[in-house]
Amino acid sequence: MANRGGFNCTCWRMQRRFFVGGNWKMNGSLHNIDEIIGFLTCGPLNPDVEVVVAAPALYIDYASKKLPPTVAISAQNCYKEEKGAFTGEISPAMLKDVGCRWVILGHSERRTIFEESDELIAEKCAHAVENGVSIIACIGEQLEERENDLTETVVFRQTKAIVEKISCLEYWDKIVLAYEPVWAIGTGKTATPEQAQDVHKKLRKWLNDNVCPDVAKSVRIIYGGSVNEKNCRELAKKEDIDGFLVGGASLKPEFLKIVNATAGM
Ligand SMILES: O=C[C@H](O)COP(=O)(O)O
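Given the structure is predicted, the values throughout are model-derived calculations rather than measurements. (Residues numbered from 1 in each chain as written. Predicted model: local features only at pLDDT ≥ 70, side-chain atom pairs only at ≥ 80, totals over all residues. Heavy atoms only, no water.)

Undergrad: Help me understand the site of the ligand in this model?
TA: As a structural note, the neighbourhood of the ligand is formed by 13 residues, with K25, H107, E180, G186 and S226 the closest of them. Interatomic distance of 3.0 Å between a side-chain N/O atom of N23 and an oxygen atom of the ligand. Take K25: an N or O atom from its side chain is 2.7 Å from an oxygen atom of the ligand. Taken by itself the ligand offers 310 Å² of open surface, and the protein chains cover 95% of this. Among the residues forming the shell around the ligand, the class breakdown is four nonpolar, seven polar and two charged. (Near = heavy atom within 4 Å. Polar contact = N/O pair within 3.5 Å; in protein donor to acceptor, adjacent residues only side chain to side chain. Areas by Shrake-Rupley, 256 points an atom, 1.4 Å probe, with all protein chains shown as cover. Nonpolar A, V, L, I, M, F, W, Y, C, P; charged D, E, K, R; others polar.)

See the structure below:
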């Protein structure tokens, strides 16, 4: 794996390739997508960073054919079955069929607006990785939960549900964990680098104790919630922040600055 520049050590942080996902959510049109692809194509994009963009399902095929080869396409959701009578759903098998190897699962908007349970999200995660699609698995607490000192309880519970369904350690190569405090999503209120690092470090420790040390060291834990061109560099300096899941800013050219947040570090 590529390293991240000037850190003069061979620590695990260096082994975890920095990952930046752009979640377009339910935004875009053919015209907008052409504009986004235009700035992604012009770059520059740090080649040491893995870049994935998640388009609305309808546009996955279109976008994937036009994106530069260094940017992978992702879905924003998929179901836990290969095929059948599940009107409105898409499956990992279908994603692979159109060349899409990534999917975001468990986003807080799926959990809250569409009332997806820990159990359903975990089943979807397991089905995706078992069928060759890598996942960006999202977890994160609500504001009220943070204020009641329940952050760890919530993120460990959400992570545990997923862990219990992942039947084979090898599947962890296909998992990126995204910590997204719900109070920071789309609000302009970012977690401080210290707040995010604190949760990421605790999550890594939890994975060490509940999965295994190798997974804890190698899994990428990325941060999402109002990441922008101004705050990305300070967040990226933190030892356990291995990248970002970016919403609003992924629709704009500032996304390039976020992708390049570690350049020169
Ligand atoms: O998936 C991305 C997150 O929901 C963050 O969205 P945001 O960057 O607009 O706050």
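There is more to say, and it comes next.
Undergrad: How should the sheet that holds strand β7 (residues 220–224) be read in this particular structure?
TA: Through backbone hydrogen bonds, the strands of a sheet pair up, either in parallel or in antiparallel fashion. Pairing is parallel around the closed barrel formed by eight strands, whose spatial order is β1-β2-β3-β4-β5-β6-β7-β8. Strand-to-strand, the axes of this sheet are offset by a mean angle of 25°, without reference to chain direction. Relative to strand β2 (residues 50–54), strand β1 (residues 19–23) runs parallel, the two sharing five bridges. Across the sheet, the residue bridging to N23 is A54, located in β2. Here helix α8 (residues 151–165) sits on the sheet and contacts β5 (134–139) and β6 (175–179); the angle it forms with β5, its principal contact strand, is near 150°. (Pairing = 2+ DSSP bridges. Helix = DSSP H or I, 4+ residues; strand = E, 2+ residues; numbered from the N terminus. Axes fitted to C-alpha atoms, helices over the stretch in contact; angles between N-to-C directions. Contact = heavy atoms within 4.5 Å.)

Undergrad: Explain empty space enclosed by the protein to me, please; I cannot follow it from the model alone.
TA: A full pass over the atoms with the stated rule returns one cavity of 30 Å³ or more. Put simply, the largest cavity is a space of about 40 Å³. Lining the largest cavity are G106, H107, S108, R111, C138, I139, G140, Q158, E180 and V182. Of all the secondary-structure elements, those providing two or more residues to the lining of the largest cavity are α5 (108–112) and β5. Tallied by class, the residues present in the lining of the largest cavity amount to three nonpolar, five polar and two charged. (1 Å grid on protein atoms, 1.4 Å probe; cavity = no way out; pocket = protein on both sides within 12 Å on 5 of 7 lines; lining within 4 Å. Points joined across faces, edges and corners; volume = space filled by probe spheres on them.)

Undergrad: Explain unusual backbone geometry to me, please; I cannot follow it from the model alone.
TA: Excluding glycine, a negative phi dihedral is what most residues carry, and trans is how most peptide bonds are arranged. Residue G43 is joined to P44 through a cis peptide bond whose omega torsion reads 5°. With respect to the helices and strands, the residue P44 is situated in the loop between α2 (30–42) and β2. In this structure, K25 is a non-glycine residue whose phi angle is positive, near 50°. By secondary structure assignment, the location of K25 is in the loop between β1 and α2. Here the phi dihedral of E115 falls at roughly 55°; this positive angle occurs in a residue that is not glycine.

Undergrad: Help me understand the pairing of β7, please; the structure alone is not making it clear to me.
TA: Walk down a regular strand and you will see the side chains alternate between the two sheet faces. Extensive coverage of β7 is indicated by the burial of five of its five residues. Across the two faces of β7 the burial is the same, with R220, I222 and G224 and I221 and Y223 all buried. Pairing analysis gives four bridges linking β6 to β7, with the strands arranged parallel. Following the sheet pairing, A178 is matched in β7 by I222. Across two bridges, β7 lies against strand β8 (residues 243–246) in parallel orientation. What sits directly across from Y223, in β8, is F244. (Buried < 20%, exposed > 50% of the residue type's maximum accessible area, 1.4 Å probe, protein only.)

Undergrad: Please clarify how the nonpolar core should be interpreted in this entry.
TA: A general feature of soluble globular proteins is that nonpolar side chains tend to end up buried together. By size, the foremost hydrophobic cluster in this structure holds 72 residues, and its most contacted members are L40, Y223 and F244. For this core, the element with the most residues is helix α6 (residues 118–130), which contributes six residues. One finds A54, I104, V176 and L245 within the second-largest nonpolar core, a separate group that totals eleven residues. (Core = buried A, V, L, I, M, F, W, Y, C linked by side-chain atoms within 4.5 Å.)

Undergrad: I would appreciate a short explanation of the confidence of the model for the chain in the present structure.
TA: When pLDDT is low, close inspection of the predicted coordinates is not appropriate. Of the residues in the chain, 95% have a pLDDT of 70 or more, and the chain-wide mean is 94. Low pLDDT, under 50, characterises residues 1–10; the stretch is placed with 24 contacts to residues that sit more than four places away or in other chains. The ipTM, which scores confidence in the relative placement of chains, is 0.99 for this predicted complex, and the corresponding pTM is 0.94. (pLDDT = per-residue confidence, 0-100.)

Undergrad: Quick question: what am I supposed to make of the layout of surface pockets here?
TA: One water molecule sets the probe size; rolling that probe over the atoms shows where empty space is left. In this model, the largest pocket occupies a volume close to 500 Å³. What lines the largest pocket is a set of 18 residues, and nearest its centre among them are M26, Q76, N77, R110 and F114. Grouping the constituent residues of the lining of the largest pocket by class yields nine nonpolar, five polar and four charged.

Undergrad: Just to check I follow, could you spell out the environment of L251 for this structure?
TA: You can see L251 is positioned in the loop between β8 and α12 (254–259). The partly exposed category is assigned to L251, whose relative accessible area is 28%. With 219 residues separating them in the primary sequence, L251 and N32 have C-alpha atoms 8.4 Å apart. Dropping the residues within four chain positions of it, L251 is found in contact with W24, N27, I36 and F39.

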